[in-house]
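# Structure at a glance
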Amino acid sequence: MPLKPIIRFGGDEKTESLRASVREWLARNLPDEFRRTAANPDYLPRDAHERAVSFCRELHAQGWFVPHWPAEYGGGGRGVVEQVVIREELAYAGAPLVNTNGVNMLAPILFRYGTAEQKAEHLPAIARSERMWAQGYSEPEAGSDLAALRMTARRDGDHYILDGQKTWTSNGVLADWIFVLARTTPVGEKRQAGISFFLVDLNTPGITRRPIRSMTGYPTFAEEFFDGVRVPAANLVGAEGQGWTVGKALLDVERSNITRAAQAQRYLDELIDWCHAQRGAPHDPLADPNTRIALARAFERVEVGRALSYRVATLQAAGALDPALPSLSKLYHSELTAELRSLGAQILGPAGELLPDDPDALLHGHFSEGLLLSLLHSIGGGTSEIQRDLISTSGLGLPR
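It should be emphasised that the depicted structure is a prediction, and the values quoted were computed from it without experimental measurement.

## Concerning the overall build of the protein
Assigned secondary structure in the protein consists of twelve helices and eight strands. Taken over the C-alpha trace, the protein has a radius of gyration of 21 Å; the compact-globule value for 400 residues is 21 Å, and the two agree within 12%. Expressed as lengths along the three principal axes of its C-alpha atoms, the size of the protein is roughly 75 × 50 × 40 Å. Residue burial in the protein is summarised as follows: out of 400 residues, 52% are buried. By sequence separation, contacts in the protein at least 24 residues apart represent 72% of the contacts at least 6 residues apart. Summed over its atoms, the accessible surface of the protein is roughly 17900 Å², and 52% of this surface lies on carbon and sulfur atoms. Here the protein contributes 42 positively and 49 negatively charged side chains, and the mean placements of these two sets differ by 3 Å.

What follows is the structure, given as C-alpha coordinates:
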(Lines give C-alpha, C1' and ligand atoms only; values in the text may rest on other atoms or scores of the structure.)
Protein backbone atom coordinates (compact mmCIF):
# COMPACT_ATOMS: atom_id res chain seq x y z
CA MET A 1 0.00 0.00 0.00
CA PRO A 2 1.35 3.49 -0.74
CA LEU A 3 2.50 5.83 1.98
CA LYS A 4 0.04 8.41 3.27
CA PRO A 5 1.26 11.94 4.04
CA ILE A 6 1.43 13.29 7.58
CA ILE A 7 -0.23 16.64 6.91
CA ARG A 8 0.56 18.36 10.17
CA PHE A 9 4.25 18.43 9.32
CA GLY A 10 3.78 20.52 6.21
CA GLY A 11 2.34 18.28 3.50
CA ASP A 12 0.35 20.23 0.90
CA GLU A 13 -0.77 19.86 -2.70
CA LYS A 14 2.64 20.84 -4.07
CA THR A 15 4.62 18.37 -1.97
CA GLU A 16 2.15 15.57 -2.58
CA SER A 17 2.45 16.23 -6.32
CA LEU A 18 6.19 15.81 -5.83
CA ARG A 19 5.52 12.54 -3.98
CA ALA A 20 3.48 11.25 -6.92
CA SER A 21 6.21 12.26 -9.39
CA VAL A 22 8.90 10.41 -7.42
CA ARG A 23 6.70 7.33 -7.07
CA GLU A 24 5.91 7.24 -10.80
CA TRP A 25 9.57 7.71 -11.76
CA LEU A 26 10.64 4.89 -9.44
CA ALA A 27 8.01 2.57 -10.91
CA ARG A 28 9.65 3.05 -14.31
CA ASN A 29 13.33 3.26 -13.39
CA LEU A 30 14.10 1.32 -10.21
CA PRO A 31 15.72 -2.05 -11.09
CA ASP A 32 13.95 -5.03 -9.55
CA GLU A 33 17.15 -6.34 -7.95
CA PHE A 34 17.09 -3.48 -5.46
CA ARG A 35 13.46 -4.00 -4.56
CA ARG A 36 14.46 -7.50 -3.45
CA THR A 37 17.15 -6.67 -0.89
CA ALA A 38 17.08 -5.28 2.63
CA ALA A 39 20.78 -4.47 2.62
CA ASN A 40 22.37 -1.06 2.44
CA PRO A 41 23.88 -0.85 -1.09
CA ASP A 42 27.21 0.12 0.47
CA TYR A 43 27.28 -3.42 1.91
CA LEU A 44 26.56 -5.25 -1.34
CA PRO A 45 29.19 -6.95 -3.53
CA ARG A 46 31.13 -4.59 -5.74
CA ASP A 47 29.25 -5.32 -8.98
CA ALA A 48 25.85 -4.69 -7.36
CA HIS A 49 27.23 -1.60 -5.67
CA GLU A 50 28.39 -0.23 -9.01
CA ARG A 51 24.89 -0.71 -10.44
CA ALA A 52 23.52 1.12 -7.41
CA VAL A 53 25.94 3.98 -8.09
CA SER A 54 24.65 4.21 -11.67
CA PHE A 55 21.09 4.39 -10.37
CA CYS A 56 22.02 7.15 -7.91
CA ARG A 57 23.57 9.18 -10.73
CA GLU A 58 20.26 8.94 -12.58
CA LEU A 59 18.54 10.04 -9.39
CA HIS A 60 20.92 12.98 -9.15
CA ALA A 61 20.04 14.01 -12.69
CA GLN A 62 16.42 14.32 -11.46
CA GLY A 63 17.57 16.55 -8.60
CA TRP A 64 16.47 13.97 -6.01
CA PHE A 65 19.70 12.45 -4.69
CA VAL A 66 20.61 15.37 -2.41
CA PRO A 67 17.46 17.48 -2.89
CA HIS A 68 18.07 19.66 0.19
CA TRP A 69 21.60 20.79 -0.73
CA PRO A 70 22.31 24.18 -2.33
CA ALA A 71 22.53 24.03 -6.12
CA GLU A 72 26.17 25.23 -6.09
CA TYR A 73 27.18 21.92 -4.53
CA GLY A 74 25.04 19.73 -6.75
CA GLY A 75 21.83 19.81 -4.73
CA GLY A 76 18.23 20.58 -5.63
CA GLY A 77 17.80 23.54 -3.29
CA ARG A 78 14.57 22.12 -1.83
CA GLY A 79 13.10 22.52 1.66
CA VAL A 80 13.04 20.02 4.49
CA VAL A 81 9.48 18.77 3.85
CA GLU A 82 10.27 18.08 0.19
CA GLN A 83 13.48 16.34 1.21
CA VAL A 84 11.63 14.08 3.65
CA VAL A 85 8.92 13.23 1.09
CA ILE A 86 11.55 12.29 -1.50
CA ARG A 87 13.63 10.24 0.94
CA GLU A 88 10.53 8.53 2.27
CA GLU A 89 9.40 7.40 -1.19
CA LEU A 90 12.89 6.21 -2.09
CA ALA A 91 13.18 4.22 1.12
CA TYR A 92 9.72 2.67 0.77
CA ALA A 93 10.47 1.54 -2.79
CA GLY A 94 13.82 0.05 -1.81
CA ALA A 95 15.87 2.49 -3.89
CA PRO A 96 19.60 2.02 -3.28
CA LEU A 97 21.07 5.21 -1.81
CA VAL A 98 24.83 4.73 -1.90
CA ASN A 99 27.48 6.52 0.13
CA THR A 100 25.33 7.13 3.18
CA ASN A 101 28.46 8.01 5.15
CA GLY A 102 29.22 10.79 2.69
CA VAL A 103 25.69 12.07 2.10
CA ASN A 104 24.05 11.75 5.50
CA MET A 105 27.00 12.08 7.85
CA LEU A 106 30.03 13.89 6.44
CA ALA A 107 28.24 16.40 4.20
CA PRO A 108 26.24 18.07 7.02
CA ILE A 109 29.50 18.42 8.97
CA LEU A 110 31.27 20.03 6.02
CA PHE A 111 28.38 22.45 5.57
CA ARG A 112 28.73 23.42 9.24
CA TYR A 113 32.47 23.22 9.94
CA GLY A 114 34.23 22.81 6.58
CA THR A 115 36.32 25.41 4.81
CA ALA A 116 35.26 26.80 1.45
CA GLU A 117 37.98 24.68 -0.17
CA GLN A 118 36.82 21.50 1.58
CA LYS A 119 33.22 22.08 0.52
CA ALA A 120 34.21 22.76 -3.09
CA GLU A 121 36.41 19.67 -3.30
CA HIS A 122 34.21 17.08 -1.59
CA LEU A 123 30.53 18.03 -1.73
CA PRO A 124 30.00 18.00 -5.54
CA ALA A 125 31.84 14.66 -5.75
CA ILE A 126 29.53 13.23 -3.07
CA ALA A 127 26.46 14.57 -4.87
CA ARG A 128 27.55 12.90 -8.12
CA SER A 129 28.41 9.60 -6.34
CA GLU A 130 32.00 9.93 -7.48
CA ARG A 131 33.67 9.73 -4.07
CA MET A 132 32.68 7.05 -1.55
CA TRP A 133 33.31 7.61 2.16
CA ALA A 134 34.00 5.39 5.17
CA GLN A 135 33.55 6.31 8.83
CA GLY A 136 36.72 5.88 10.89
CA TYR A 137 35.64 6.17 14.51
CA SER A 138 35.83 2.75 16.21
CA GLU A 139 39.10 1.17 17.28
CA PRO A 140 39.86 -2.19 18.92
CA GLU A 141 39.52 -0.58 22.37
CA ALA A 142 37.24 2.34 21.49
CA GLY A 143 33.72 1.66 20.25
CA SER A 144 30.83 3.10 22.21
CA ASP A 145 33.47 4.59 24.54
CA LEU A 146 34.84 6.68 21.70
CA ALA A 147 36.92 8.91 23.98
CA ALA A 148 39.22 5.90 24.54
CA LEU A 149 40.57 6.11 20.97
CA ARG A 150 44.34 5.81 20.55
CA MET A 151 45.04 6.88 16.97
CA THR A 152 47.49 9.79 17.04
CA ALA A 153 47.98 12.72 14.66
CA ARG A 154 51.27 14.62 15.00
CA ARG A 155 51.77 17.96 13.24
CA ASP A 156 54.72 18.03 10.84
CA GLY A 157 54.84 21.27 8.88
CA ASP A 158 51.93 21.35 6.42
CA HIS A 159 50.93 17.77 7.28
CA TYR A 160 49.80 15.59 10.14
CA ILE A 161 51.32 12.14 10.64
CA LEU A 162 48.65 9.56 11.55
CA ASP A 163 49.44 6.31 13.34
CA GLY A 164 47.02 3.75 14.72
CA GLN A 165 44.17 1.44 13.76
CA LYS A 166 40.47 1.75 12.95
CA THR A 167 38.07 -1.20 12.91
CA TRP A 168 34.40 -1.98 12.23
CA THR A 169 34.66 0.74 9.62
CA SER A 170 31.34 1.31 7.84
CA ASN A 171 31.78 1.04 4.04
CA GLY A 172 35.49 0.48 4.59
CA VAL A 173 35.79 -1.98 1.70
CA LEU A 174 34.36 0.16 -1.12
CA ALA A 175 35.27 3.66 0.09
CA ASP A 176 37.75 6.00 -1.58
CA TRP A 177 38.14 8.34 1.43
CA ILE A 178 37.64 8.05 5.17
CA PHE A 179 36.93 10.60 7.90
CA VAL A 180 38.71 9.78 11.15
CA LEU A 181 39.07 10.98 14.70
CA ALA A 182 42.62 11.06 16.05
CA ARG A 183 44.42 12.46 19.08
CA THR A 184 46.47 15.57 18.45
CA THR A 185 47.37 15.96 22.16
CA PRO A 186 47.81 13.26 24.84
CA VAL A 187 44.93 12.16 27.03
CA GLY A 188 44.31 14.69 29.78
CA GLU A 189 41.91 15.02 32.67
CA LYS A 190 39.05 15.31 30.17
CA ARG A 191 39.46 12.46 27.69
CA GLN A 192 37.34 14.17 25.02
CA ALA A 193 39.85 17.02 24.74
CA GLY A 194 42.69 16.90 22.23
CA ILE A 195 40.81 14.91 19.54
CA SER A 196 40.71 16.19 15.95
CA PHE A 197 38.70 15.34 12.82
CA PHE A 198 40.52 14.55 9.54
CA LEU A 199 39.64 13.71 5.93
CA VAL A 200 41.95 11.02 4.55
CA ASP A 201 42.41 9.63 1.04
CA LEU A 202 42.52 5.85 1.48
CA ASN A 203 45.09 5.58 -1.32
CA THR A 204 47.61 7.49 0.81
CA PRO A 205 50.83 5.48 1.38
CA GLY A 206 50.97 3.81 4.78
CA ILE A 207 47.33 2.64 4.90
CA THR A 208 46.56 -1.09 4.90
CA ARG A 209 42.93 -2.18 4.53
CA ARG A 210 41.41 -5.55 5.44
CA PRO A 211 37.74 -6.54 4.95
CA ILE A 212 35.59 -7.85 7.80
CA ARG A 213 32.80 -10.14 6.60
CA SER A 214 29.53 -9.88 8.50
CA MET A 215 27.07 -12.66 9.34
CA THR A 216 25.03 -11.72 6.25
CA GLY A 217 27.94 -12.81 4.08
CA TYR A 218 28.67 -9.29 2.83
CA PRO A 219 32.04 -7.61 3.51
CA THR A 220 30.14 -4.97 5.46
CA PHE A 221 33.07 -3.55 7.40
CA ALA A 222 36.82 -3.20 7.21
CA GLU A 223 39.76 -2.45 9.44
CA GLU A 224 42.55 -0.03 8.51
CA PHE A 225 46.10 0.26 9.77
CA PHE A 226 47.77 3.68 9.61
CA ASP A 227 51.57 3.64 9.66
CA GLY A 228 53.11 7.11 9.32
CA VAL A 229 50.32 8.32 7.03
CA ARG A 230 50.88 11.91 5.90
CA VAL A 231 47.65 13.91 5.72
CA PRO A 232 47.62 17.54 4.55
CA ALA A 233 46.81 19.97 7.35
CA ALA A 234 44.19 21.41 4.99
CA ASN A 235 42.23 18.19 5.59
CA LEU A 236 41.59 19.06 9.23
CA VAL A 237 37.87 19.82 9.73
CA GLY A 238 37.28 22.48 12.37
CA ALA A 239 40.07 23.60 14.66
CA GLU A 240 42.70 21.26 16.07
CA GLY A 241 41.29 19.69 19.20
CA GLN A 242 37.68 20.35 18.14
CA GLY A 243 37.13 16.82 16.86
CA TRP A 244 34.89 15.74 19.72
CA THR A 245 32.49 18.61 19.00
CA VAL A 246 32.53 17.83 15.27
CA GLY A 247 32.14 14.10 15.86
CA LYS A 248 29.18 14.56 18.22
CA ALA A 249 27.43 16.79 15.68
CA LEU A 250 27.93 14.10 13.04
CA LEU A 251 26.37 11.44 15.26
CA ASP A 252 23.36 13.68 15.87
CA VAL A 253 22.82 13.78 12.11
CA GLU A 254 23.41 10.03 11.78
CA ARG A 255 20.76 9.28 14.40
CA SER A 256 17.94 11.28 12.82
CA ASN A 257 16.63 8.27 10.84
CA ILE A 258 14.49 10.11 8.30
CA THR A 259 14.01 7.02 6.12
CA ARG A 260 14.05 4.16 8.62
CA ALA A 261 10.31 4.37 9.38
CA ALA A 262 9.47 4.27 5.66
CA GLN A 263 11.54 1.11 5.31
CA ALA A 264 9.69 -0.37 8.27
CA GLN A 265 6.39 0.55 6.62
CA ARG A 266 7.46 -1.26 3.46
CA TYR A 267 8.28 -4.48 5.28
CA LEU A 268 5.12 -4.32 7.38
CA ASP A 269 3.00 -3.84 4.25
CA GLU A 270 4.72 -6.80 2.57
CA LEU A 271 4.05 -8.96 5.61
CA ILE A 272 0.39 -7.95 5.89
CA ASP A 273 -0.19 -8.54 2.16
CA TRP A 274 1.39 -12.00 2.48
CA CYS A 275 -0.85 -12.80 5.45
CA HIS A 276 -3.94 -11.77 3.47
CA ALA A 277 -2.84 -14.05 0.62
CA GLN A 278 -2.85 -17.01 3.03
CA ARG A 279 -6.51 -16.60 4.03
CA GLY A 280 -8.24 -19.97 3.99
CA ALA A 281 -4.96 -21.91 3.87
CA PRO A 282 -4.33 -24.68 6.44
CA HIS A 283 -1.87 -22.40 8.23
CA ASP A 284 -3.69 -19.08 7.90
CA PRO A 285 -1.70 -16.68 10.16
CA LEU A 286 -4.61 -14.26 10.52
CA ALA A 287 -6.74 -17.01 12.06
CA ASP A 288 -4.61 -16.58 15.18
CA PRO A 289 -5.79 -13.59 17.25
CA ASN A 290 -2.30 -13.19 18.70
CA THR A 291 -0.93 -12.62 15.19
CA ARG A 292 -3.61 -10.04 14.44
CA ILE A 293 -2.84 -8.19 17.67
CA ALA A 294 0.90 -8.29 16.97
CA LEU A 295 0.40 -6.85 13.48
CA ALA A 296 -1.85 -4.10 14.85
CA ARG A 297 0.79 -3.16 17.40
CA ALA A 298 3.45 -3.13 14.68
CA PHE A 299 1.27 -0.83 12.57
CA GLU A 300 0.94 1.53 15.53
CA ARG A 301 4.70 1.48 16.17
CA VAL A 302 5.50 2.24 12.54
CA GLU A 303 3.13 5.23 12.49
CA VAL A 304 4.72 6.63 15.65
CA GLY A 305 8.19 6.16 14.16
CA ARG A 306 7.24 7.97 10.99
CA ALA A 307 5.85 10.93 12.93
CA LEU A 308 9.02 11.01 15.04
CA SER A 309 11.16 11.09 11.89
CA TYR A 310 9.22 14.06 10.55
CA ARG A 311 9.59 15.86 13.87
CA VAL A 312 13.36 15.36 14.02
CA ALA A 313 13.83 16.56 10.44
CA THR A 314 11.66 19.63 10.96
CA LEU A 315 13.41 20.67 14.16
CA GLN A 316 16.83 20.09 12.62
CA ALA A 317 15.95 22.41 9.74
CA ALA A 318 14.74 25.06 12.20
CA GLY A 319 17.89 24.75 14.32
CA ALA A 320 15.74 23.93 17.35
CA LEU A 321 16.51 20.26 17.87
CA ASP A 322 16.34 18.99 21.44
CA PRO A 323 19.77 17.34 22.06
CA ALA A 324 18.12 14.15 23.31
CA LEU A 325 15.78 13.74 20.33
CA PRO A 326 18.30 12.23 17.87
CA SER A 327 19.17 9.58 20.45
CA LEU A 328 15.47 8.91 21.04
CA SER A 329 14.90 8.54 17.30
CA LYS A 330 17.91 6.30 16.85
CA LEU A 331 16.87 4.07 19.75
CA TYR A 332 13.24 3.90 18.65
CA HIS A 333 14.00 2.96 15.05
CA SER A 334 16.73 0.47 15.95
CA GLU A 335 14.36 -1.40 18.22
CA LEU A 336 11.42 -1.05 15.83
CA THR A 337 13.51 -2.58 13.04
CA ALA A 338 14.47 -5.55 15.19
CA GLU A 339 10.92 -6.06 16.47
CA LEU A 340 9.38 -5.96 13.01
CA ARG A 341 11.93 -8.30 11.44
CA SER A 342 11.54 -10.72 14.35
CA LEU A 343 7.76 -10.63 14.00
CA GLY A 344 8.01 -11.31 10.28
CA ALA A 345 10.36 -14.24 10.76
CA GLN A 346 8.00 -15.69 13.38
CA ILE A 347 4.89 -15.37 11.19
CA LEU A 348 6.59 -16.71 8.05
CA GLY A 349 7.84 -19.78 9.89
CA PRO A 350 10.86 -21.91 8.88
CA ALA A 351 10.89 -20.65 5.26
CA GLY A 352 11.11 -17.12 6.65
CA GLU A 353 14.58 -17.94 7.98
CA LEU A 354 16.02 -18.54 4.50
CA LEU A 355 18.34 -15.86 3.14
CA PRO A 356 17.69 -14.06 -0.18
CA ASP A 357 19.94 -16.34 -2.24
CA ASP A 358 17.77 -19.38 -1.40
CA PRO A 359 15.09 -20.01 -4.10
CA ASP A 360 12.58 -21.04 -1.41
CA ALA A 361 12.98 -17.85 0.62
CA LEU A 362 9.72 -16.02 1.34
CA LEU A 363 9.31 -12.31 0.56
CA HIS A 364 12.76 -12.22 -1.05
CA GLY A 365 14.38 -13.08 2.30
CA HIS A 366 13.75 -9.54 3.55
CA PHE A 367 12.95 -10.67 7.07
CA SER A 368 15.79 -13.16 7.50
CA GLU A 369 18.36 -10.79 6.02
CA GLY A 370 16.85 -7.83 7.81
CA LEU A 371 16.88 -9.60 11.17
CA LEU A 372 20.63 -10.07 10.85
CA LEU A 373 21.13 -6.45 9.78
CA SER A 374 18.98 -5.19 12.65
CA LEU A 375 21.73 -6.24 15.04
CA LEU A 376 24.00 -3.79 13.26
CA HIS A 377 21.51 -0.95 13.77
CA SER A 378 21.40 -1.53 17.53
CA ILE A 379 25.19 -1.21 17.76
CA GLY A 380 26.37 1.10 14.95
CA GLY A 381 26.32 4.83 15.67
CA GLY A 382 26.23 4.13 19.41
CA THR A 383 24.63 1.17 21.12
CA SER A 384 21.06 1.23 22.40
CA GLU A 385 22.48 1.34 25.93
CA ILE A 386 24.43 4.49 25.07
CA GLN A 387 21.28 6.06 23.59
CA ARG A 388 19.33 5.38 26.79
CA ASP A 389 22.12 6.99 28.82
CA LEU A 390 22.08 10.10 26.60
CA ILE A 391 18.29 10.35 26.79
CA SER A 392 18.36 10.11 30.57
CA THR A 393 21.07 12.75 31.00
CA SER A 394 20.48 15.18 28.10
CA GLY A 395 16.73 14.77 27.88
CA LEU A 396 15.59 14.08 31.44
CA GLY A 397 18.38 15.86 33.29
CA LEU A 398 19.24 12.82 35.38
CA PRO A 399 22.69 12.64 37.00
CA ARG A 400 25.41 10.68 35.25
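After presenting the structure, the write-up continues.
## A word on the packing of helix H5 (residues 100-113) against helix H6 (residues 116-127)
At their nearest, the axes of H5 and H6 sit 10 Å apart, and the two run at 160° to each other. Comparing the axis directions of H5 and H6 gives the class roughly antiparallel. As H5 packs across H6, the resulting crossing turns out to be left-handed. Residues Gly102, Val103, Leu106, Ala107, Leu110 and Phe111 of H5 pack against Gln118, Lys119, His122, Leu123 and Ile126 of H6. Tallied by class, the residues present in the contact of H5 with H6 amount to seven nonpolar, three polar and one charged.

## Considerations on the packing of helix H8 (residues 260-277) against helix H10 (residues 325-348)
At their nearest, the axes of H8 and H10 sit 10 Å apart, and the two run at 15° to each other. Regarding the angle of H8 to H10, the classification is roughly parallel. Taken as a pair, H8 and H10 cross one another with a handedness that is left-handed. In this structure, H8 uses Arg260, Ala261, Ala264, Tyr267, Leu268, Leu271, Trp274 and Cys275 to contact H10, whose residues at the interface are His333, Ser334, Leu336, Thr337, Leu340, Arg341, Leu343, Gly344, Ile347 and Leu348.

## Considering the pairing of strand E4 (residues 177-183)
Counted residue by residue, E4 has seven buried out of seven residues, so it is predominantly covered. Burial of E4 is two-sided: the residues Trp177, Phe179, Leu181 and Arg183 facing one way and the residues Ile178, Val180 and Ala182 facing the other way are all buried. As paired strands, strand E1 (residues 133-136) and E4 are joined by four bridges and run parallel to one another. Across the sheet, residue Trp133 finds its bridge partner in E4, namely Trp177.

## Some remarks on the nonpolar core
The biggest cluster of nonpolar side chains holds 75 residues, and the ones touching the most others in it are Leu26, Phe179, Phe197, Leu199 and Leu295. When residues no more than four places from it in sequence are discounted, the contact partners of Leu199 are Leu106, Leu110, His122, Trp133, Trp177, Ile178, Phe179, Val231, Asn235 and Val237. Residues Ala134, Leu162, Ala233 and Leu236 belong to the second largest nonpolar core, which totals 18 residues.

## Examining the environment of Arg279
For Arg279, the position within the fold is in the loop between H8 and helix H9 (289-318). Remark: the alpha-carbon pair of Arg279 and Met132, spanning 147 residues in sequence, is separated by 46 Å. The contacts of Arg279, once residues within four sequence positions are left out, are Asp284 and Leu286.

## Remarks on helix H12 (residues 384-395)
Taking 1.5 Å per residue, twelve residues should reach 16 Å; H12 reaches 15 Å between its end C-alpha atoms and fits that length. For H12, the full list of buried residues reads Ser384, Gln387, Ile391, Ser392 and Thr393. Of the residues one or two after H12, Gly397 is the one with positive phi, at around 70°.

## A short note on the domain arrangement of the protein
Taken domain by domain, the protein comprises domain 1 (13-98), domain 2 (133-242) and domain 3 (254-396). Opposite the 18 residues of domain 1 that make contact, domain 3 presents 20 residues. Summing both sides of the interface, domain 1 and domain 3 together bury roughly 1600 Å²; the carbon and sulfur share of this comes to 62%. Sorting the residues of domain 1 by area buried against domain 3 places Ala38, Glu88 and Tyr92 first, and these three jointly supply 35% of that buried surface. Summed over the shared surface of domain 1 and domain 3, the result is one salt bridge. The tally of links from domain 1 across to domain 3 stands at five residue pairs in polar contact (both at pLDDT 80 or more). The set of elements that each furnish at least two residues to the side of domain 1 that touches domain 3 consists of helix H2 (32-35) and helix H4 (80-93).

Procedures and definitions
Residues numbered from 1 in each chain as written. Predicted model: local features only at pLDDT ≥ 70, side-chain atom pairs only at ≥ 80, totals over all residues. Heavy atoms only, no water. Helix = DSSP H or I, 4+ residues; strand = E, 2+ residues; numbered from the N terminus. Rg over C-alpha atoms; globule rule 2.2 N^0.38 Å. Buried < 20%, exposed > 50% of the residue type's maximum accessible area, 1.4 Å probe, protein only. Contact = heavy atoms within 4.5 Å. Areas by Shrake-Rupley, 256 points an atom, 1.4 Å probe, with all protein chains shown as cover. Lys, Arg positive; Asp, Glu negative; His and termini not counted. Charge placed at Lys NZ, Arg CZ, Asp CG, Glu CD. Axes fitted to C-alpha atoms, helices over the stretch in contact; angles between N-to-C directions. Parallel < 35°, antiparallel > 145°, perpendicular 65-115°, else oblique. Left-handed = near helix turned anticlockwise from the far one by under 90°. Nonpolar A, V, L, I, M, F, W, Y, C, P; charged D, E, K, R; others polar. Pairing = 2+ DSSP bridges. Core = buried A, V, L, I, M, F, W, Y, C linked by side-chain atoms within 4.5 Å. Expected span 1.5 Å × (residues − 1). Domains from an automatic or database assignment. Buried area = accessible area lost by both parts, 1.4 Å probe. Salt bridge = Lys/Arg side-chain N within 4 Å of Asp/Glu carboxyl O. Polar contact = N/O pair within 3.5 Å; in protein donor to acceptor, adjacent residues only side chain to side chain.

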